[in-house]
Amino acid sequence: MKYPVDDTTLTAWANLLGLTKDQSHEVLREVEEALRRGYEFRPLVLRHLTFEQTTADMAVDEFALMYLTFGLHRAGQDELADEVMGRALAPATTLRRPL
């Protein structure tokens with residue numbers, strides 16, 4: 001899978017989360033697996049597209065959220081990962097409590 005960020009960015013994110021190189025590779029594997037699971041349930045209008053075509057225009061923000069969430073889990077910060085995902089899924093009008 002081609003990621004919407006370069007290796008320097010991935011390394012910086014891994015360092016911020018305190019991940020080893022192996023852990024970072026595991027996070028990338030988990031992100032790809034999650035995207036491939038979603039690909040299996042894509043709408044009929046996208047059935048003619050390959051996995052690479054459906055993920056080619058993935059926004060950096062979307063990828064960053066996935067990397068952050070999976071990376072926090074990998075770093076042992078399950079509660080924080082769940083909080084991040086909850087905030088990402090909450091409607092913009094919902095009042096959010098501070099971390």
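Note that the structure is a prediction, hence the values are computed from the model and not measured. Along each chain, the written sequence defines residue order, and numbers are assigned to residues from 1. The predicted origin of the model limits local features to residues at a pLDDT of at least 70 and limits the giving and counting of side-chain atom pairs to 80 or more, whereas totals for whole chains, interfaces and linings rest on all residues. By convention in this description, side-chain values take in all heavy atoms of the structure and omit both hydrogens and water.

Undergrad: Is there a simple way to think about the layout of surface pockets in this case?
TA: To find leftover empty space, one rolls a probe the size of a water molecule over the atoms. Grid spacing is 1 Å over the protein atoms alone, the probe is 1.4 Å, and a cavity is where that probe fits but cannot get out, while a pocket is an open set with protein on both sides within 12 Å along at least five of seven lines and lining residues have an atom within 4 Å of a point. Grid points are joined across faces, edges and corners, and a volume is the space filled by probe spheres set on the points. Roughly 190 Å³ of internal volume is contained in the largest pocket. Lining the largest pocket we find D7, L10, T11, A14, N15, L19, T20, K21, S24, H25 and L28. At five residues, the largest contribution of residues to the lining of the largest pocket is made by helix α1 (residues 7-17). All amino acids are sorted into three groups, where Ala, Val, Leu, Ile, Met, Phe, Trp, Tyr, Cys and Pro are nonpolar, Asp, Glu, Lys and Arg are charged, and the leftover types, Gly among them, are polar. Here the lining of the largest pocket is composed, by residue class, of four nonpolar, five polar and two charged. Segments assigned H or I by DSSP are reported as helices when at least four residues long, segments assigned E as strands when at least two residues long, and all are numbered from the N terminus.

Undergrad: Looking at this model, I keep getting lost on the packing of helix α4 (residues 60-74) against helix α5 (residues 78-89). Mind explaining?
TA: The angle between the axes and the distance between the axes are what describe a pair of packed helices. All axes are obtained by fitting lines to C-alpha atoms, using only the stretch in contact for helices, and the reported angles, taken between N-to-C directions, cover 0 to 180 degrees. Relative to each other, α4 and α5 sit at 155°, their axes nearing to 7 Å. For the element pair α4 / α5, the angle class is roughly antiparallel. Regarding α4 and α5, the two cross each other, and that crossing is left-handed. Residues L65, L68, T69, L72 and H73 of α4 pack against D78, L80, A81, D82, V84, M85 and A88 of α5. Split into classes, the residues belonging to the contact of α4 with α5 amount to eight nonpolar, two polar and two charged. Angles are sorted into four bins: roughly parallel if under 35 degrees, roughly antiparallel if over 145, roughly perpendicular if 65 to 115, and oblique for all others. Crossings are sorted by hand: turned counterclockwise from the far helix by less than a right angle, the near helix makes the crossing left-handed, and turned clockwise it makes it right-handed. Whether two residues are in contact is decided by their heavy atoms: any pair within 4.5 Å suffices.

Undergrad: Help me understand the confidence of the model for the protein chain in this model?
TA: It should be kept in mind that the predicted coordinates are not to be read in detail where pLDDT is low. Looking at the protein chain, the pLDDT average stands at 91 and 92% of residues meet or exceed 70. Confidence scores differ between elements of the protein chain, with α5 showing the lowest mean pLDDT of 91 and α1 the highest of 97. Predictor confidence is given residue by residue as pLDDT, running from a minimum of 0 to a maximum of 100.

Undergrad: I keep staring at helix α2 (residues 21-40) and nothing clicks. Help me out?
TA: Spacing of three or four residues puts side chains on the same side of an α-helix, whose turn is 3.6 residues. Its 20 residues place the ends of α2 29 Å apart at the C-alpha level, agreeing with the 28 Å of an ideal helix rising 1.5 Å per residue. Three exposure classes are used, based on accessible area relative to the maximum for each residue type with a 1.4 Å probe and protein chains only: buried under 20%, partly exposed in between, and exposed over 50%. All buried positions along α2 are accounted for by S24, V27, L28, E30, V31, E32, A34, L35 and Y39. Turning to α2, the residues buried within the fold contact α1, α3 (51-55) and α4. The span expected for a helix works out to 1.5 Å for each residue beyond the first.

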